[in-house]
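Architecture and fold: a report
Read off the chains here:
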Amino acid sequence: MVEDADVIVLGAGIVGVCVAVHLQMRGRQVVLADRRAPGEETSFGNAGLIQREAVFPHHFPRGLADLFRYAKNRSTDAYYHPAFLPRLASPLLRYWYHSEPGRYLAMARRYAPLIMASLDDHIALATSAGAMHLLRPGGWTQAHETQRTLNASLEDAETMRREFGIEHEAMDAGALARHEPHLRTGLAGGVHWPRPLAVIDPHALTLAYAAHFEALGGRIRVADAGDLRRENAAWRVGALAAPEIVVALGAWSTEVTKKLGYNPPVFVKRGYHAHFGTVGNAGLNNAVLDVANGYMLAPMRRGIRLTTGAEFAHRDAPPTPVQLARAEPAARRLVPSLGERLDKEPWMGARPCTPDMMPIIGPAPGAPGAWCAFGHAHHGLTLGPTTGRLLAAMMTGDTPFTNPHPYRAERF
Ligand SMILES: Cc1cc2nc3c(=O)[nH]c(=O)nc-3n(C[C@H](O)[C@H](O)[C@H](O)COP(=O)(O)OP(=O)(O)OC[C@H]3O[C@@H](n4cnc5c(N)ncnc54)[C@H](O)[C@@H]3O)c2cc1C
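Now for a quick tour of the structure.

Conventions and cut-offs
Residues numbered from 1 in each chain as written. Predicted model: local features only at pLDDT ≥ 70, side-chain atom pairs only at ≥ 80, totals over all residues. Heavy atoms only, no water. Helix = DSSP H or I, 4+ residues; strand = E, 2+ residues; numbered from the N terminus. Rg over C-alpha atoms; globule rule 2.2 N^0.38 Å. Buried < 20%, exposed > 50% of the residue type's maximum accessible area, 1.4 Å probe, protein only. Contact = heavy atoms within 4.5 Å. Areas by Shrake-Rupley, 256 points an atom, 1.4 Å probe, with all protein chains shown as cover. Lys, Arg positive; Asp, Glu negative; His and termini not counted. Charge placed at Lys NZ, Arg CZ, Asp CG, Glu CD. Phe/Tyr/Trp six-rings, centres within 6.5 Å; stacked < 30°, edge-to-face > 60°. Expected span 1.5 Å × (residues − 1). Near = heavy atom within 4 Å. Polar contact = N/O pair within 3.5 Å; in protein donor to acceptor, adjacent residues only side chain to side chain. Nonpolar A, V, L, I, M, F, W, Y, C, P; charged D, E, K, R; others polar. Bend = angle between axes of the 7 residues up to and from the residue. Pairing = 2+ DSSP bridges. Axes fitted to C-alpha atoms, helices over the stretch in contact; angles between N-to-C directions. Parallel < 35°, antiparallel > 145°, perpendicular 65-115°, else oblique. Core = buried A, V, L, I, M, F, W, Y, C linked by side-chain atoms within 4.5 Å.

Examining the overall build of the protein
Along the protein, the regular secondary structure elements total 10 helices and 24 strands. In summary, the protein has a C-alpha radius of gyration of 21 Å against a globular reference of 22 Å for 412 residues, a match within 12%. Projected onto its principal axes, the C-alpha positions of the protein cover 70 × 45 × 45 Å. The buried share of the protein, reckoned over its 412 residues, is 59%. Look at the contacts in the protein between residues 6 or more apart in sequence, and 78% of them connect residues 24 or more apart. Taken as a whole, the protein presents about 16,700 Å² of accessible surface, with 55% of it coming from carbon and sulfur. Each charge class in the protein was averaged separately, 43 positive and 38 negative side chains, and the resulting centres sit 4 Å apart.

A look at the packing of aromatic side chains
All told, the structure shown has five aromatic pairs when counted by the stated rule. Ring geometry for Phe56 and Tyr104: centres 5.4 Å apart, planes at 45°, overall tilted. Of this pair, Phe56 sits in the loop between strand S4 (49-50) and helix H2 (64-71) while Tyr104 sits in helix H4 (residues 101-129), placing them 48 residues apart in sequence. Tyr104 gets classed as buried once you look at its relative accessible area, which sits at 11%.

Some remarks on helix H7 (residues 202-215)
Within an α-helix, residues lying three or four positions from one another point in the same direction, as the helix has 3.6 residues per turn. The end-to-end C-alpha distance of H7, which contains 14 residues, comes to 20 Å, matching closely the 20 Å that a straight helix rising 1.5 Å per residue would cover. With 10 of its 14 residues buried, H7 lies for the most part within the structure. Among the residues of H7, those classed as buried are Pro202, His203, Ala204, Leu205, Thr206, Ala208, Tyr209, Ala210, His212 and Phe213. Following H7 by one or two positions, Gly217 adopts a phi angle in the positive range, close to 105°.

Describing the site of the ligand
The immediate surroundings of the ligand are formed by 33 residues, with Asp34, Ser43, Ala377, His378 and Thr382 found nearest. Contacts to the ligand include Gly48, whose backbone N or O atom sits 3.3 Å from an oxygen atom. In the complex, 98% of the free accessible area of the ligand, which totals 1,000 Å², lies under the protein chains. Taken together, the elements giving at least two residues each to the shell around the ligand come down to helix H1 (14-25), strand S16 (267-278) and helix H10 (380-395). The leading source of residues in the shell around the ligand is H10, at three residues. Across the shell around the ligand, the residue classes break down as 12 nonpolar, 15 polar and six charged.

Overview of the environment of Ala126
Tracing the sequence through the fold places Ala126 in helix H4. Along the primary structure Ala126 and Arg389 are separated by 263 residues, whereas in three dimensions their C-alpha atoms are 14 Å apart. Apart from residues no more than four positions distant in its own chain, Ala126 is found in contact with Ala131, Met132, Leu135 and Tyr209.

Some details on helix H9 (residues 322-334)
For H9, spanning 13 residues, the distance from its first C-alpha to its last is 19 Å, which sits close to the expected 18 Å at 1.5 Å a residue. Along H9, the helix axis deviates most sharply at Glu328, where the bend reaches about 25°; the proline Pro329 sits within four residues downstream. Those residues of H9 not exposed but buried are Gln323, Leu324, Ala327, Glu328, Ala330, Ala331 and Leu334.

A word on the sheet that holds strand S12 (residues 229-231)
Read from one edge to the other, the open sheet built from four strands follows the order S1-S14-S13-S12, with strand pairing classed as mixed. At either margin of the open sheet sits one strand with a lone partner, and together these are strand S1 (3-4) and S12. In this sheet, strand S13 (residues 234-237) lies alongside S12 in antiparallel orientation, the contact comprising three bridges. The partner of Arg230 across the bridge, within S13, is Trp235.

A look at the sheet that holds strand S2 (residues 7-10)
Ordered in space as S11-S3-S2-S15-S24-S23, the six strands form an open sheet in which the pairing is mixed. Two strands bound the open sheet, and with one partner strand each, they are strand S11 (219-222) and strand S23 (360-363). Averaged over all pairs of adjacent strands, the angle between strand axes in this sheet comes to 20°, irrespective of strand direction. Note that S2 and strand S15 (residues 244-247) share four bridges and pair parallel. From the neighbouring strand, Ile8 faces S15, where its bridge partner is Ile245. Across the face of the sheet, H10 comes into contact with S2, S15, S23 and strand S24 (370-374) while running at roughly 15° to S23.

Observations concerning the pairing of S23
Note: S23 against S24, four bridges, orientation antiparallel. Bridging across to S24, Gly362 finds its partner in Cys372. What sits between S23 and S24 in their antiparallel hairpin is a turn of six residues, with Gly366 showing a positive phi close to 75°.

Concerning the packing of H4 against H10
It is the contact of H4 with H10, at a shortest axis distance of 7 Å, that shows an interaxial angle of 90°. Put simply, H4 runs roughly perpendicular to H10. Every residue of H10 that contacts H4 at Tyr111, Leu114, Ile115, Ala117, Ser118, Asp121, His122 and Leu125 is listed here: Leu381, Thr382, Leu383, Pro385, Thr386, Arg389 and Leu390. Taken together, the residues that form the contact of H4 with H10 break down as nine nonpolar, four polar and two charged.

Comments concerning the nonpolar core
In globular proteins that are soluble, nonpolar side chains generally tend to be buried together. The biggest cluster of nonpolar side chains holds 81 residues, and the ones touching the most others in it are Val9, Val19, Leu23, Leu205, Tyr209, Val246 and Leu391. Broken down by element, the residue count for this core peaks at 11 residues, all from H4. Not counting the four nearest positions on each side in its chain, Val19 is found in contact with Val9, Val246, Ala373, Thr387, Gly388 and Leu391. In this structure, Ile8, Val237, Val256 and Leu260 belong to the second largest nonpolar core, which totals 30 residues.

As structure tokens, this is what we get:
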């Protein structure tokens, strides 16, 4: 029997859940379809930061020294599968192109309206969903080993203050030690971003937003988006039928959009996490980025979550948690009271990335009633509710809170 809806949202990660809830709030009858339960892929295991400061997304390194360092494939923050590089060459070249300082700043100005709205949009949704207890204030901190990297970060932070009004606190060695007393001594200092919120259990937050969607009358169904087809002017997935669909399949999105005739150059940066206990009462007050080694330590419900940087590999290649193995000893040096590893196996997720570092939000070209909401890279948790609010306004003919043109699908 056919189950009708106004919209089928494909993908129940943080982005799809937030799109579904915003559409449902606007009176649309929405079915959220996923082959798994909500929030079990990339949205499960991130570092939990709602990055209100992140107007400058992660760019491709441009300096020769950095390129040379990454080429050796021995760093902790980035790692690649050499055999996969030829297939990545084209999107990475475009990523490098968009990272040129002038283009990068122009892009940040287009990206900023989304980032600036992220905190308020999460707070509004978490309040309605009864999930505020999962959001912790206090921001996050970059810890620097050397004065040279600290000075460089402070310069960047000043640019962010000047251009976008983003607040930071400069910390010398003493201030950092007072802020995070369980970091090792001898660090040069830190940069603290006070405004971002930290999610203490990202999976629980996605589930809370999904439960709110259901409470509003939304339906969640198990379905394989690979089965998407067009029949009698409607979209069909399994037994589901609707005049409109939203593709919010994260790193799997282009598998479906390709069939609609739209194949943007989305590539993945895989990432890993593992949890650690602490010795005695030691711990971290906020998430800490080890700048020298490029991993994050985020205090969460389950323990201290170590998350790794970017792994350039085929999305479906077997896990190679090399960066986790490199980061763990560095983390033990940074936080001497870090305790035992709590997970048997590392967790792995796939960040869906675009060459110009911005998500794709808007109608899918040439496919009537099909919409895109993917490509959020390092900021999908941050931008889930904002993406949902923006796309729901576009789909219901309302005036969006910002000009959606920069995020349009046609730019690829
Ligand atoms: C280590 C790490 C740390 C990170 N830290 C942060 C952070 O601190 N802050 C931040 O903002 N972001 C962070 N991110 C990025 C963030 O996690 C992602 O951008 C975000 O989770 C992407 O959400 P999504 O909903 O687009 O994709 P996903 O969460 O991957 O959801 C996609 C959904 O599609 C479903 N699906 C796929 N194929 C099919 C199919 N054929 N049929 C049906 N369903 C299908 C999947 O089951 C899944 O539920 C981090 C990522 C990693 C890996």
